Amino acid sequence: MINRILAATGTTEDGMAYMLKLRVKELLKERGRSKYWLHKRIGMSYQNFCSMVDNKTGSIRYETIELLCESLECTPNDLFERLGEEEAPKELEAYGART
């Protein structure tokens with residue numbers, strides 16, 4: 001299930017909590033590109049695009065993941081960061097979510 005901040009949350013087999021975070025801003029910085037450049041390549045509304053990039057959306061389409069990967073010349077593994085039990089609650093708090 002996708003959490004409100006575009007993060008799949010759950011637990012590992014040993015009961016540790018985790019969260020997946022979209023890393024678009026980091027990848028753009030590494031490549032010297034802007035959010036506006038990527039927005040034009042993706043072709044979604046700027047408001048929805050900004051929500052996605054800021055990890056404040058409820059879902060992401062496979063087609064969008066594919067476009068992000070093509071545009072940023074990366075893999076889906078590069079797009080997401082898995083946060084551990086200690087980091088996940090801090091990320092959720094940063095966006096006003098309750099853990």
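Whatever comes next refers back to the structure up there.
The sections below set out a description of the structure shown in this document. What you see as residue numbers is a count from 1 along each chain, following the sequence as written. Thresholds applied to this predicted model are a pLDDT of at least 70 for local features of residues and 80 or more for the giving and counting of side-chain atom pairs; totals over whole chains, interfaces and linings are not thresholded and use all residues. Side-chain figures throughout are based on the complete set of non-hydrogen atoms in the structure, without hydrogens or water.

This part takes up the environment of Phe 80. Only runs of H or I of at least four residues qualify as helices and only runs of E of at least two qualify as strands under DSSP, and these elements are numbered from the N terminus. With respect to the secondary-structure elements, Phe 80 resides in strand E3 (residues 80–83). Put simply, Phe 80 and Met 19 are 61 residues apart on the chain and 9.7 Å apart in space, counted from C-alpha to C-alpha. What makes two residues a contact is simply this: any of their non-hydrogen atoms within 4.5 Å. Beyond its immediate stretch of four places on either side in the chain, Phe 80 contacts Lys 21, Leu 22, Arg 23 and Ile 65.

When two cysteine sulfur atoms lie within 2.5 Å, the pair is treated as a disulfide. Counted under the stated rule, the structure contains zero disulfides. Just so you know, Cys 69 is unpaired, no disulfide at all, and the nearest cysteine sulfur is the one on Cys 74, 4.3 Å from it.

At a minimum axis separation of 10 Å, helix H2 (residues 35–42) and helix H4 (residues 62–72) run at an interaxial angle of 125°. With respect to each other, H2 and H4 are oriented oblique. Every pair of crossing elements has a handedness; the one defined by H2 and H4 is right-handed. Here H2 contributes Trp 37, Leu 38, Arg 41 and Ile 42 to the contact with H4, which in turn contributes Thr 64, Leu 67, Leu 68, Ser 71 and Leu 72. Only the stretch in contact is used when fitting a helix axis, every axis being a line fitted to C-alpha atoms; angles between N-to-C directions are given from 0 to 180 degrees. For classification purposes, angles smaller than 35 degrees are called roughly parallel, those larger than 145 roughly antiparallel, those between 65 and 115 roughly perpendicular, and all remaining angles oblique. A crossing counts as left-handed when the near helix is turned anticlockwise from the far one by less than a right angle, and as right-handed when that turn is clockwise.

This part is about the pattern of salt bridges. Note on definitions: salt bridges are taken to be side-chain nitrogens of Lys or Arg within 4 Å of carboxyl oxygens of Asp or Glu. A full pass over the atoms with the stated rule returns five salt bridges. The salt bridge involving Glu 26 is made with Lys 21; its shortest N-O contact spans 3.8 Å. Overall, the relative accessible area of 28% leaves Glu 26 in the partly exposed class. Burial classes follow relative accessibility: with a 1.4 Å probe on protein chains only, a residue under 20% of its type's maximum area counts as buried, one over 50% as exposed, and anything between as partly exposed. Of the residues examined, Lys 21 reaches a relative accessible area of 15% and is grouped as buried. Between Glu 30 and Arg 31 there is a salt bridge; the shortest N-O distance is 3.4 Å. A relative accessible area of 54% means that Glu 30 is categorised as exposed. Classification of Arg 31 by relative accessible area gives partly exposed; the value is 33%.

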